Amino acid sequence: MSDSSPTSENGKDLTPEQQGLRDQLAEGYNLIGKSPLKVDGMAKAMGQTQFADDLSMPRMLHCKLLRSHVAYAKILSIDTSKAEALPGVVKVITGECMPIPFGILPVSQDEHSLCFDKVRFVGDPVAAVAAIDEATAYEAMQLIDVEYEKLDPVFDPTKALQNREEPLHDYGDDGNVHKRVSMEFGDVEQGLAEADLVLEDTMFFEGNTHLPMEQHASLAFREADGRLTIMSSTQTPHYLHKAMSKVLEMPPSRVRVIATPNGGGFGGKSDPFNHEMCVAKLALLTGRPVKVALTREEVFYCHRGRHPTLMNIKTGFKKDGAMTGMHFQSLLDGGGYGSYGVASTYYTGALQTVTYKIPKYRFDGVRCFTNKPPCGPKRGHGTPQPRFALEVQLDKAAVALGIDPADIRKNHLHPAGGITANWLKVGSMGLGACIDAVVEASGWKDKWGKLPPGKGVGLACSSYISGAGLPIYWNAMPHSGVTVQLDRGGGVAVFCGETEIGQGSDTVLAMCVAEVLGVGLTDIRLTVADTHTTPVDLGSYSSRVTMMMGNAAFQGAERAREIVAKAVSKKLEIPSVRLRFADNKIFDVQDPENWIPFAKGVQIAEAKFGTIAVAGSYTPPVTPGKYRGAGVGPSPAYSYSAAVIQVDVDQETGDVDVEKIWVAHDIGQSINEILVIGQVEGGVYMGLGEAIMEEMTYRPNRFGVHKIPSMLEYKSPTTHEMPPIDTFIIRDPDPNGPFGAKEVGQGPLLPIMPGVANAVFDAVGVRVDEIPVTPDKVLKAMNSKTKRYGPTKYPDLKITDTVRIKTLEEGGDGTAPRPAKKQKEVTS
Amino acid sequence: MMRLPTFRYTAPKTAAEVAEILAGEGPQASIVAGGTDLYPNMKRRHQTPKTLVSLRHVEELRGVQLNGAVSIGSNETLSDLEDNAALKAKLPALWTAVQSISTPQLRNMGTIGGNVCLDTRCNYYNQTWEWRRAIDFCMKCDGETCWVAPSSDICWAVNSSDTVPVMIALGATFTLISTRGERTIPALEMFGEDGIDYLTKQPDEVLTRIDIPDQGSAKSVYRKVRRRGSFDFPVAAVAARVEMDGDEVKAASIILNAVGPKPVVCETAVDAILGKKLTDEVIEEAAKLAGKGAKPLDNTDHISMWRKKVVVVETKRALEALAQ
Amino acid sequence: MSHATEGAPALSKVHRVLSVNGENHEVAFDPRKTLLEVLREDMLLTGTKHGCELGECGACTVLIDGEPKLSCLVLGLESDGVDIRTIEGLAQPDVPHALQTAYGELGASQCGYCSPGFLMNASALLARDTNPSREAIVEELGGNICRCTGYLKILEAVELAAQRLRDGTAANGGSDV
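About the thresholds
Residues numbered from 1 in each chain as written. Chains lettered and ligands numbered in written order. Predicted model: local features only at pLDDT ≥ 70, side-chain atom pairs only at ≥ 80, totals over all residues. Heavy atoms only, no water. Pairing = 2+ DSSP bridges. Helix = DSSP H or I, 4+ residues; strand = E, 2+ residues; numbered from the N terminus. pLDDT = per-residue confidence, 0-100. Contact = heavy atoms within 4.5 Å. Buried area = accessible area lost by both parts, 1.4 Å probe. Salt bridge = Lys/Arg side-chain N within 4 Å of Asp/Glu carboxyl O. Polar contact = N/O pair within 3.5 Å; in protein donor to acceptor, adjacent residues only side chain to side chain. Domains from an automatic or database assignment. Nonpolar A, V, L, I, M, F, W, Y, C, P; charged D, E, K, R; others polar.

**Let's talk about the sheet that holds strand S4 (residues 73-79) of chain A**
All names here are of chain A.
- Here three strands make up an open sheet; going across it, the order is S6-S4-S8 and the pairing antiparallel. With partners counted over all chains shown, the strands left at the sheet margins are strand S6 (118-119) and strand S8 (145-150), one partner each.
- The sheet contact formed by S4 and S6 spans two bridges and is antiparallel. Bridge pairing in S6 links lysine 74 to lysine 118.

**Topic: the confidence of the model for chain C**
- For chain C, the average pLDDT comes to 92, and 90% of its residues sit at 70 or higher.
- The low-confidence segment residues 1-9 of chain C (pLDDT under 50) makes 17 contacts with residues lying over four places distant or belonging to another chain.

**Topic: the interface of chain C and chain A**
- At the junction of the two partners, chain C supplies 53 residues and chain A supplies 54 residues.
- Counting each side, the surface lost to burial between chain C and chain A is near 4,300 Å², with a carbon and sulfur contribution of 58%.
- Summed over the shared surface of chain C and chain A, the number is six salt bridges.
- Lys49(C) is the salt-bridge partner of Asp54(A), the closest N and O atoms lying 2.4 Å from each other.
- Where chain C meets chain A, there are 28 residue pairs in polar contact (both at pLDDT 80 or more).

**Let's talk about the pairing of strand S23 (residues 585-588) of chain A**
Residue and element names in this part refer to chain A.
- Bridging between strand S22 (residues 579-582) and S23 involves four bridges; their strand directions are antiparallel. Of the residues in S23, the one forming a bridge with arginine 580 is phenylalanine 587.
- Taken together, S22 and the strand that follows it, S23, pair antiparallel across an intervening segment of two residues, in which aspartate 583 is found at a positive phi of about 50°.
- Where S23 lies against strand S24 (residues 591-597), four bridges are found, and the strand directions are antiparallel. Within the sheet, the bridge partner assigned to isoleucine 586 lies in S24 and is isoleucine 596.
- Where S23 hands over to S24, the hairpin turn is made up of two residues, counted between the paired strands.

**Some points on the domain arrangement of chain C**
Residue and element names in this part refer to chain C.
- Along its sequence, chain C is carved into domain 1 (14-88) and domain 2 (98-167).
- For domain 1 and domain 2, the distance between their C-alpha centres works out to 21 Å.
- Contacts between domain 1 and domain 2 engage 15 residues on the former and 12 residues on the latter.
- For the pairing of domain 1 and domain 2, the buried interface totals around 1,100 Å² over both sides, and the portion due to carbon and sulfur atoms is 65%.
- Sorting the residues of domain 1 by area buried against domain 2 places Lys49, Thr61 and Ile87 first, and these three jointly supply 41% of that buried surface.
- Counting the contacts that link domain 1 with domain 2 gives zero salt bridges.
- Here the residues of the side of domain 1 that touches domain 2 sort into six nonpolar, six polar and three charged.

Have a look at this one:
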């Protein structure tokens, strides 16, 4: 909180109890910003945390899914008789038993629990077996005969752009085009015309996947009263609850979803999945608990990871590096289903504007369906690809204009508190401080352009949302709720739908409540991620949990504190505003010797007001953008990151050794500092993997199989590849964040990929305009005339109806002109 | 969780008993030592032996004897060799190769004999039954086509052993026993021409011993190309051995691996350095000649054309190291 | 084609005495099972995790006769007559292992799924060397994949635990491991 404690917030006068809390926080935090033990840390180090596949129940059956071995086909028939006859098999189901489609987005309800009309990629599930053990279920799965009529698959989005006779889905914008969007904010042509330098680059970012260490698993069972309970490794129990209720045709009150601690998610467990629906249905049909635990290969088929994205970026620069306008285009390879794809598409165009001043901006984006596992949200959701393009192009501009790459960025930062061309409201903005930190620590000024051949440094920056401003399905309810219940013994029970996926959300929840109530972390006990017992939190995605759950927790704890403070104030005859809660005590700030234990205070309050159980909730602020598509990008606050990366490039092999990374992250305010640093390091790690080795590759000429669906061949960096990282935390509290906090889970990943590409240029003078930057590409670039490796052609996206929205500077109000009647593009 | 198929398990105590069981069971039996190659293959159902004959209790196949020559029991674990300081001092190239295999845990399990007999690898083959069904299987297992080279009559699965090229370069011999007797063969003769018949060892034979002659003044080196510093099999590897007479090369051996179904003996490259000083020009020329023998295809990690180029670089670096 | 054993009778379980965490357990299990499956499913020791079951991730690392090995590639049938240690046996009854304490303090577990494998591997390293270099730790833990942390907090935790073991300030060095 800020140094001067306000007497009002949001125009409302503060109660004496609220004022007392603000004064308490202004005097210094007990816990916030420190590094107390993660609340689940010891359980994890002791092997006691129960993940979904660690659960078992009496009479439990095991489920295996039969998955399609063809990329694209109509299902003519499924014969399960041989499987059913196998001893030990209890039930086999196919798609007809769950005909209702589902999907994470209301506009993309295109998945079935089991395919019954078509299969759309190798790995699409068509039948499910429940048997007494997994080995039997596996054998039975092999005995199911499916007759397919093969269709002509499409694996390349540029080919999918053409209208095809048999598109994957019967919805979307046309043919295999799932989503086509075009928006222009200000006159970009004019902006480019005013430029001293116009750069146009075509770049490609290959898809990659989350690869959580825990393979997805779920256990479902029917309660005696007929309710269904599922315990699943999901990041979004609330959305799974909605989807499951719909598919199973059961009222939400009869379905209970418990998210088990996720053994890593990174976005890969954010969708409702086939296997979850199947074990639920099998549990209902057999009356027995049913568990499914996916193999690593199956996790590759669940995917929902980074969209392979072909991009074209055209930007105008003034001589001093100021941008005059940008036209950004993206073509996303969506895979077989919608997933979050519409949002992903918008995200490729949304956040370019929040780092540097871009006065005029146009975005065209297209997502196509292809016969591969569906893409979706991976850490950074839709923004790492455009961030790569932007940051590499800025590096090129800096070189062309003779400006230091650090300066071209720092001199043109988007102002704090301003509104971007595409109507995003920027709050606190610590990117300048981030750049300063990494430039100084890395010795950038002495290194860039000055290291011996083969060695180089690269710099890149980024920003990310602290929670999506809008929920996935339209509603006006809070995004997060927290119930705080005080025990007579001084303990505090906290209930919240948030989901721990390793990011530390349980710890953040406990710390926010403990700080306000002045109790220790061990006094807090959490009940989380259970749709039967906890208030809704939308889930662990979009870096929203600290921001939204944190604010809800603050409010819930504040309300509980207010009740206690009122009662204690009366009893001890101390004005509420003077009461302080710390060290499990309540005391008079003017006479600290005058105190009572917190537990005593709760007893006084409970005697006076009755049982103390109160809720807090959080709804993000209204956003200035009102045009269609303005729902993607707004956030209560944006985090900022900057990185300098030093590489040593083997000039004979093209091998890139990342020697050291300096990264600074504008967190607003750390809740738990060591967990913040852990998130930064983890994000950098994942970014490094994307930068140099990770890729989802398929064999289009070999039936569309995934080339390498294994931990061995999908290359995830080991201890050997991890360079030392110097992390700098920039503190610039944001008025919207709980205690001023912003996100850290995703942002620090973003600058790594462009940072590596820029460093490679500094080292060996070639541009690799493609991720990952593998040694063969570096070598090819070094041996080429253009000293570049990357795509050279960008297809016609067939944009016909660009929505033009006036910027704030042009006197706009955030709305789009009423669109002319939409014309369906006629294509051959 | 991936599960093993059904098998019968035996764990005899002597090599003779192992040989007897193998003779009785025929090709449906498989020896298992560390299990680090076989069990994953069984879980993926591309090796489905009916009987497993474990070497875990066969003590006679353990141990290392270091005199002038070196004799290594086939059942010696990789980490035991890694921890063997005398071996490291005597045969640094072999030690480097051993130490580069996979991960510490897998080296605690895997054996030197297992690495010699390592099944050839291919990313059309090292896949689950479900995955391979999608390509209608491949020549090496259950199918007809070699998907790496569909017009090929042979299987192009890759010999991915780290230790094999070093052993060939060092002039090692392998001793095999069966109920039919014992035979000792030069290391190179162990390896067949294609990815299916990659071993000349017969199904009823047990590899018992690896013998490496005294290296005298010869120096050798092993260089491995892979994506990561652990886990990964080589995608190109070079073992080189040089014996000098003054400034000039008296004898030499250059062996490539992981660039085809069989280790590659680079005879023309060796000819290019014999009797010469190892100058930059001589090394460069030899490396180019060595690279011609490499036929990497698109069935491992990394781009095959890049592997072909890097083999030349790594051969050059290997010879440069020996020239010092 | 299928490798399913059609009509095959259910396999009889085998009985073995396994020494796990210093106690002998008589266990009946499907003979096809790996040690990983026996530990998790037949002994309910679910602290040992799995991420691939093919030896490609290190999550299932346990100590067998003091050496870190992958329980996904050892048969249950091969697990008698050896000393097996799992994460459940790393702590003393009243005190966590120095590594576990350091892990907790530094946030070296994020999702925590890989932690048991890392900890068992690291405990073997510290059992033979309480002053390992950073390079030695990197090498030894190179056989475990973590997707959350970027490894740095894990490496630091091993160093912190090693420091405390050297200083004698660790309550539990896992001396019986």
